[in-house]
Amino acid sequence: MNENEVDKKLSYMHFKPFNETKHTNDWHFAMPEGEQIEAVALGNDWAAVCTDAKHVRVFSLEGQQKYILQQASQIVTMAGYENLLVIIYHSGVPLYEYQQMNCKIIDTNTYTTLYDSQCPVSIASDLTWVGFSEEGLLTTMDSNGIIQGFNFKNKQWIPILDLKTKYPSTFR
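What you see is a predicted model; the values in this text were computed from it and never measured.

Engineer: Got a sec to walk through the nonpolar core? Specific residues and values, please.
Structural biologist: Counting 17 residues, the largest nonpolar core has Val 86, Ile 88, Cys 103, Ile 105, Phe 132, Leu 138 and Trp 157 as the members making the most contacts within it. Looking at this core, the elements with two or more residues in it are strand E7 (75–81), strand E8 (84–90), strand E9 (101–107) and strand E11 (127–132). Discounting residues that sit within four places of it in the chain, Val 86 has contacts with Thr 77, Met 78, Ala 79, Cys 103, Lys 104, Ile 105, Phe 132 and Leu 138. Residues Ala 39, Ala 48, Tyr 89 and Ile 106 belong to the second largest nonpolar core, which totals 15 residues.

Engineer: Could you give an account of the sheet that holds strand E10 (residues 112–118), naming the residues involved and the relevant values?
Structural biologist: Here we have four strands laid out as an open sheet, ordered E7-E8-E9-E10, and antiparallel in their pairing. Edge positions in the open sheet fall to E7 and E10, since each of these has one partner strand only. For this sheet, the mean angle separating the axes of adjacent strands, direction not counted, is 15°.

Engineer: An account of the pattern of salt bridges is requested, with residue identities and associated values reported.
Structural biologist: Using the criterion set out here, one finds one salt bridge in the structure. Where Arg 57 meets Glu 35, a salt bridge forms, and the shortest distance between an N and an O atom there is 3.1 Å. Placement of Arg 57 in strand E5 (residues 55–60) and of Glu 35 in the loop between strand E2 (27–30) and strand E3 (37–42) is noted, with a sequence separation of 22 residues between them. What makes Glu 35 buried here is its relative accessible area of 6%.

Definitions and cut-offs
- Residues numbered from 1 in each chain as written.
- Predicted model: local features only at pLDDT ≥ 70, side-chain atom pairs only at ≥ 80, totals over all residues.
- Heavy atoms only, no water.
- Core = buried A, V, L, I, M, F, W, Y, C linked by side-chain atoms within 4.5 Å.
- Buried < 20%, exposed > 50% of the residue type's maximum accessible area, 1.4 Å probe, protein only.
- Helix = DSSP H or I, 4+ residues; strand = E, 2+ residues; numbered from the N terminus.
- Contact = heavy atoms within 4.5 Å.
- Pairing = 2+ DSSP bridges.
- Axes fitted to C-alpha atoms, helices over the stretch in contact; angles between N-to-C directions.
- Salt bridge = Lys/Arg side-chain N within 4 Å of Asp/Glu carboxyl O.

Have a look at this one:
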């Protein structure tokens, strides 16, 4: 399908490899009619999208849809690292200025859930960033400048840095 033939009403996943020496070609995947992509994540040998239908679709880097799952509630964002897919989603309505969010970590080699529990966000704040360090530390930051990391050994969140104390004029 060339650019002139693309249906403007459909949502597309378009993949272009960074390293073309791996013999992976560009590809695209049209979402079913009415299903719109809302977030994208990338790992070592996979790419994933979440849609407004709360579907998470995982693709090989060659463009084959390998897995699809239905998320029960609204997805906020996703991140990827090597074989790990992280899905942050709403687990309830905010209570007393606390966001109710969960973090699901999926191993894309086996599609097993490694963790599915709370994603801490400080009071009266929003989640502003989720990602991994170069060493693979899952990290979040909220609008109050609180940075937290996930300890995979004991499956607990650890406060790393409070940017509000260092840069009070930047954060609420």
